[in-house]
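Close look at the chain arrangement
One letter stands for each residue in the lines below.
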Amino acid sequence: MTAAPLFGCIEAGGTKFVLGVARDADTMLRTARVPTTTPAETLGAALAFFADAQAEWGAFDALGIAAFGPIVLDRSSPHWGTIAETPKRGWSGTDLVGPFARALACPVGFDTDVNGAVLAESLWGAAVGADIAVYVTVGTGIGGGALIEDRPVHGSRHPEMGHMLPRRHADDRDFAGTCPFHGDCLEGLASGPAIHARWGASLSELAADHPAHAIIAYYLAQLVVAQQALLSPRRIILGGGVLATPGLLDRVRHEAATLAGGYFGTGDYARLIVHPGLDDRAGLLGALALAQRACR
Ligand code: ZN
């Protein structure tokens, strides 16, 4: 009998890196969190974590990195494995893969945090059995990953679902939006900071009859309908801090059904639009799924 494989996992976020050592999805041996400060400091702490783990459990079979974007996923690019131009100070051009590949001498799987999450949800969570699935997180920003026939979508870069341009709500015409690139794109209208900029509070802090709930549901529903029009997914998973607002998911389902007007062949929006099945573990388990794929 061969020993169970050993995987390193990194959920690389804009505010923290979550690190893990796992045998499989049910056997997470150790986890840690390090704040995202400078690349040298944060990657240094992560390298130290994995060096300790390697001393205890032996060599890794593979490492998976599920990272905040934008990142370079094109395997033919000399910049594969790096962070692309980002407003996050000091991180543009940072090589996320190289230092770990050299230190751990193992294959490295690399993708966006949301592509990792949709992969993990398809293996162990709310998208099991869905040949086309989408995972969207609505929080500090809005990001989305898509899985088509078992493959995360990359293409020229990777999906940037938060930057689609929605139709404006009739009661929300004056707000310019918070996106530095587009103003009133989806992220500029419906992310946590955009909600705060309009109403001075998070959505869950506003009374249930506050018009903000209907306005944000209207925008998120447009993302759902766009996904149906473009990708024909069987499952759309909506996660992130804003979706923790009581009642919001149901409002989005209702609004999406209304906007879709009976088209797209499904009336079952409760089955189409769901919360994550893995809760806040989707990020780290996404990294694990990427690691497992890297050593196939
Ligand atoms: Zn934008």
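See above for the structure.
Attention in this report is confined to the structure presented alongside it. (Residues numbered from 1 in each chain as written. Predicted model: local features only at pLDDT ≥ 70, side-chain atom pairs only at ≥ 80, totals over all residues. Heavy atoms only, no water.)

**A short note on the coordination of the zinc ion**
Just so we agree on the cut-off: Keep in mind that water is not among the atoms, so a site may look incomplete; donors are the N, O and S atoms within 2.8 Å of the metal, or 3.2 Å for Na, K and Ca. Irregular is the label for any site that misses the other tests, which are tetrahedral for four donors with all angles between 85 and 135 degrees, and square planar for four donors or octahedral for six when opposite donors exceed 155 degrees and the remaining angles lie between 65 and 115. Exposed residues in this analysis have more than 50% of their type's maximum accessible area, buried residues have under 20%, and partly exposed residues fall in between, with area computed by a 1.4 Å probe over protein chains only.
Protein ligation of the zinc ion involves His-163 (ND1), Cys-179 (SG), His-182 (ND1) and Cys-185 (SG), the donor distances falling in the range 2.1 to 2.4 Å. Coordination at the zinc ion is tetrahedral: its four donor atoms span angles of 102 to 122 degrees at the metal. Here the donor residues of the zinc ion are spaced in sequence according to H-x15-C-x2-H-x2-C. Judged by relative accessible area, Cys-179 falls into the buried class, the value being 7%. Under the relative-accessibility criterion, His-182 is labelled partly exposed at 39%.

**Quick word on the sheet that holds strand E6 (residues 132-138)**
Either a parallel or an antiparallel arrangement is found when strands of a sheet pair, and the pairing is made through backbone hydrogen bonds. Quick note on the threshold: The pairing criterion is simple: DSSP has to find at least two bridges between the two strands. What counts as a helix is a DSSP run of H or I of at least four residues, what counts as a strand is a run of E of at least two, and both are numbered from the N terminus.
Sheet architecture is open: five strands sit in the order E8-E7-E6-E9-E10, paired in mixed fashion. Bordering the open sheet on either side are strand E8 (151-152) and strand E10 (273-274), each of which pairs with just one other strand. Relative to E10, strand E9 (residues 235-239) runs parallel, the two being bridged by two bridges. Pairing of Ile-237 across the sheet is with Val-274, part of E10.

**Brief notes about the side chain of Gln-227**
As a reminder of what qualifies: The criterion used for residue contact is that any of the two residues' heavy atoms lie within 4.5 Å.
When you line up the elements, Gln-227 lands in helix H6 (residues 211-230). In this structure Gln-227 touches Val-134, Met-161, Ser-232, Pro-233 and Ile-236, once residues within four positions along its chain are discounted.

**Thoughts on the layout of surface pockets**
Note the threshold: Two kinds of site are reported from a 1 Å grid over the protein atoms alone, namely cavities, where a 1.4 Å probe fits but cannot get out, and pockets, open sets with protein on both sides within 12 Å along at least five of seven lines, and residues are called lining when an atom falls within 4 Å of a point. Grid points are joined across faces, edges and corners, and a volume is the space filled by probe spheres set on the points. Each residue gets one of three labels, nonpolar for Ala, Val, Leu, Ile, Met, Phe, Trp, Tyr, Cys and Pro, charged for Asp, Glu, Lys and Arg, and polar for the others, Gly among them.
Approximately 350 Å³ is the volume attributed to the second largest pocket. What lines the second largest pocket is a set of 13 residues, among which Phe-110, Asp-111, Pro-152, His-154 and Arg-293 lie closest to the centre. Elements supplying a minimum of two residues to the lining of the second largest pocket: strand E5 (108-112), E8 and helix H9 (282-294). In terms of residue count, the dominant contributor to the lining of the second largest pocket is E5 (four residues). Counted by class, the lining of the second largest pocket contains seven nonpolar, two polar and four charged residues.

**Side note on the sheet that holds strand E2 (residues 16-24)**
Filter applied, for reference: Lines fitted to C-alpha atoms define the axes here, with helix axes fitted over just the stretch in contact, and angles between the N-to-C directions of these axes take values from 0 to 180 degrees.
Across the sheet, five strands lie side by side as E3-E2-E1-E4-E5; this open sheet has mixed pairing. In this open sheet, the two strands that pair with only one neighbour each are strand E3 (27-35) and E5. Strand-to-strand twist across the sheet, computed as the mean angle between neighbouring axes with direction ignored, equals 15 degrees. Lying on the sheet, helix H1 (residues 39-57) is in contact with strand E1 (7-12), E2, E3 and strand E4 (62-67); it crosses E2 at an angle near 20 degrees. Together, E1, E2, E3, E4 and E5 form the strand contacts of H9, whose direction differs from that of E1 by roughly 135 degrees.

**What to know about the packing of aromatic side chains**
Selection rule: Geometry of aromatic contacts follows a simple scheme: Phe, Tyr and Trp rings, the Trp one being its six-membered ring, pair when their centres are within 6.5 Å, and the pair is stacked under 30 degrees between planes, edge-to-face over 60, tilted otherwise. Either the NZ atom of lysine or the CZ atom of arginine qualifies as a charge over a ring when it sits within 6 Å of the ring centre and within 35 degrees of the ring normal.
All told, the structure shown has eight aromatic pairs when counted by the stated rule. Consider the rings of Phe-17 and Trp-91, whose centres lie 5.8 Å apart with planes at 40 degrees: the pair is tilted. Remark: Trp-91 occurs in the loop between E4 and helix H2 (98-104) and Phe-17 occurs in strand E2; sequence separation between them is 74 residues. Owing to a relative accessible area of 0%, Trp-91 belongs among the buried residues under this scheme. Judged by centre distance (5.0 Å) and plane angle (80 degrees), the rings of Phe-49 and Phe-50 are edge-to-face. Given the relative accessible area of 10%, Phe-49 is considered buried. Between Arg-75 and the ring centre of Trp-80, over which it is positioned, the NZ or CZ distance is 3.8 Å.

What is shown is where atoms sit, not what they do.
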